Every structure is written in C-alpha cells, then in structure tokens.
Amino acid sequence: MSEQILSKSQEASVKQNKEARRQLLEKRYRKEKRFRFFGLGAVVLSALILFTLLFSIAYQSIPAFSQTYVGIDVYFDPARIDPEGTGDPNVLAEGNYRGLVKKAIYALFPDVTARKDKRQLGKLVSIAAPEEIKSFILKNPQYVGTTQTVWITSSDDFDLLLKGRIRRDVPEQDRVLSDKEVAWIDTLVATGRVETRFARNLFFSGDSREPELAGVRGALVGTLLTMLVTFIASF
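Notes on the structure follow. (Residues numbered from 1 in each chain as written. Predicted model: local features only at pLDDT ≥ 70, side-chain atom pairs only at ≥ 80, totals over all residues. Heavy atoms only, no water.)

## Points about the sheet that holds strand β2 (residues 147–153)
Point 1. Reading across the sheet, the three strands line up as β2-β1-β3 and stay open at both edges, with antiparallel pairing between neighbours. In this open sheet, the two strands that pair with only one neighbour each are β2 and β3 (194–198). This sheet shows a mean twist of 40° between the axes of neighbouring strands, independent of strand direction.
Point 2. Two strands pair when backbone bridges link them, and strand β1 (residues 66–75) and β2 are joined in this way by seven bridges, in the antiparallel orientation. Residue pairing in the sheet places Val-70 in a bridge with Ile-152 of β2. (Pairing = 2+ DSSP bridges. Helix = DSSP H or I, 4+ residues; strand = E, 2+ residues; numbered from the N terminus. Axes fitted to C-alpha atoms, helices over the stretch in contact; angles between N-to-C directions.)

## Considerations on the packing of aromatic side chains
Point 1. Tallied over the full model, the rule gives eight aromatic pairs.
Point 2. Each ring, one from Phe-76 and one from Phe-136, has its centre 5.8 Å from the other, and the planes form 20°; the classification is stacked. With Phe-76 in the loop between β1 and α2 (78–81) and Phe-136 in helix α6 (residues 129–139), this pair connects stretches of sequence that are 60 residues apart.
Point 3. Here a set of aromatic residues connected by ring pairs shows up, and it is made of Phe-51, Phe-55 and Tyr-59.
Point 4. Of note, Lys-118 hangs over the ring of Tyr-106, and the distance from its end group to the ring centre comes to 5.0 Å.
Point 5. Over the ring of Tyr-69 we find Arg-197; its NZ or CZ atom is 5.2 Å from the centre of that ring. (Phe/Tyr/Trp six-rings, centres within 6.5 Å; stacked < 30°, edge-to-face > 60°. Lys NZ or Arg CZ within 6 Å of the ring centre and 35° of its normal.)

## A closer look at the packing of helix α4 (residues 97–108) against α6
Point 1. Between α4 and α6, the least distance of the axes is 8 Å, while the angle of their chain directions is 105°. Overall, the two elements α4 and α6 adopt an arrangement that is roughly perpendicular. From α4, Tyr-97, Arg-98, Leu-100 and Val-101 reach across to α6, where they touch Ala-129, Pro-130, Ile-133, Lys-134 and Ile-137.
Point 2. Looking at the contact of α4 with α6, its residues break down into seven nonpolar, no polar and two charged. (Parallel < 35°, antiparallel > 145°, perpendicular 65-115°, else oblique. Contact = heavy atoms within 4.5 Å. Nonpolar A, V, L, I, M, F, W, Y, C, P; charged D, E, K, R; others polar.)

## Focus on the environment of Pro-83
Point 1. With respect to the secondary-structure elements, Pro-83 resides in the loop between α2 and α3 (89–92).
Point 2. Taking the relative accessible area as the measure of exposure, Pro-83 reaches 61% and is therefore exposed.
Point 3. In this structure the C-alpha to C-alpha distance between Pro-83 and Leu-138, which are 55 residues apart in sequence, comes to 15 Å. (Buried < 20%, exposed > 50% of the residue type's maximum accessible area, 1.4 Å probe, protein only.)

## Points about helix α8 (residues 179–190)
Point 1. For α8, built from twelve residues, the straight-helix expectation of 16 Å at 1.5 Å per residue is met to within 8% by its first-to-last C-alpha distance of 16 Å.
Point 2. Looking at α8, one finds that the buried residues are Glu-181, Val-182, Trp-184, Ile-185 and Leu-188. An end-on view of α8 places all buried positions within 160° of arc, on one side of the element.
Point 3. On its buried face, α8 is in contact with β1, α4, α5 (115–122), α7 (156–162) and β3. (Expected span 1.5 Å × (residues − 1). Arc of directions from axis to C-beta.)

## A word on the environment of Gln-173
Point 1. Mapped onto the elements, Gln-173 comes out in the loop between α7 and α8.
Point 2. It is 33 Å that separates the C-alpha atoms of Gln-173 and Ser-205, two residues lying 32 residues apart in sequence.

## A few points about the nonpolar core
One broad rule of soluble globular proteins: the nonpolar side chains tend to lie buried together.
Point 1. Residues Ile-72, Val-74, Phe-76, Ile-133 and Ile-152 are the most contacted members of the largest nonpolar core, which totals 30 residues.
Point 2. For this core, the leading source of residues is α4, giving five residues. (Core = buried A, V, L, I, M, F, W, Y, C linked by side-chain atoms within 4.5 Å.)

## Observations concerning the packing of α5 against α8
Helix-helix packing is described using two parameters, namely the angle between the two axes and the distance between the axes.
Point 1. At their nearest, the axes of α5 and α8 sit 10 Å apart, and the two run at 55° to each other. By the criterion of interaxial angle, the relationship of α5 to α8 is oblique. Read as a crossing pair, α5 and α8 show a hand that is right-handed. Between α5 and α8, the residues in contact are Asp-117, Gln-120 and Leu-121 and Lys-180, Glu-181 and Trp-184, respectively.
Point 2. Class assignment of the residues belonging to the contact of α5 with α8 gives a composition of two nonpolar, one polar and three charged. (Left-handed = near helix turned anticlockwise from the far one by under 90°.)

In structure tokens, the structure reads:
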C-alpha cells in the first residue's frame, strides 16, 4: 500500500516537474519572440530613419545641381584686349575683361546711372565673369572686334532668388537683395537673358569663397584616394 502511495506521489512529482519545465520553455520562447520582434522593429526603424535622412539630403540638394547663367552682349573691343591686332593668345590673356563685362551689363540697363546702383548691378554676375569671357575669346579669337552673346555665371544671390531660397515677400531690409536688384533680375528673366543649366562647377571645381564657384572636386578626390589606400592596405 505504501509503495502504491509512493508511486503515485512520484508520478505527481514527475508531472509537476514536466509542467514546470513546459511553462519555463513557453516563457523562454515568448521572451525570444519578443526579443526577435523588438530586434526586427529596431532594424526597420533604423532603416526608416536612414531612408528619411538620405531622402531629405537628396531632396534639399537638388537645387545644387543647377546653376543660373546670364546672357550678355559683349563687345570684344580690340583696344582693350588686343591693341596691336596680333591675335597672340598671350596678349589676349592679359586683356581688360572686367571692363568688358561691366560695359555689357550697364548696356542692358541704360537708365541706371548712379554709381551705387551700378555697383549693385555689377554684383548680379559672378566674379568669375571676366575669366569666362576671356576663356570664350581665347577659344574664338576670330570674334575680336565683334559683339557676341556670352553666357556667364550669375551671382549666388541671383541664383538663390530664382530657386526660391531668397524670399520676395519679406521686407527689403531683411533680404540680401534690394528691391532694385530683384526688379533687374525679373527684367533679365522677362527678356530671355537667363538660363538654368547643369552645374558643372559642382563636380569640376574645388573650394571657393564664392558659393556659385564652389565644388566638391577636392572632397571627391580625397575620398577616392582614401578608399584606394584602404583597399591596398587591406591586403
């Protein structure tokens, strides 16, 4: 009789142990499922944050891939760039192209006569404009003594206004461009003297204090060289 009672007691104990182990396993499985769920959730959340960040960077950088250009009618005055008519590239390279740029811009707005207004007018184009028209005539020396339409880079403020980065609906004192400058830009646009093109400077120019001339060439070259050194060092 006592053996039967002991046997039943042992069976009950075994059942209890099995039930306890089953509950422990179920509890552990639930914890593992929660762990996997939270882990997957963290990965998905990280991916969403990364995608949002990259999308935001890409979206905001779209305007940087375009650049505004202004078409001006430049008279390549021989007296300023080739007084002796030699056609020598070395002589042409020493010409007074800044004066040609100013004269061409002033000709677009003959009503602008005040010295201060002329200075503002001249700031609508990039400081690289003289170099750009010099490059044009060095490639086309046959145009010396003629008037040609040359497309030059606009200033960064000019460019930002057309891209909507400089707001028109704020008071003049809160803008980097005066009302006169905005009106001149609108006139250039209305007369078909403004074009938007792919910003080649972004990839083929290095650092510059002038935003419209700055590029990422230095950063790209540095990154590629770093990757090359790292690749070589990995072997």
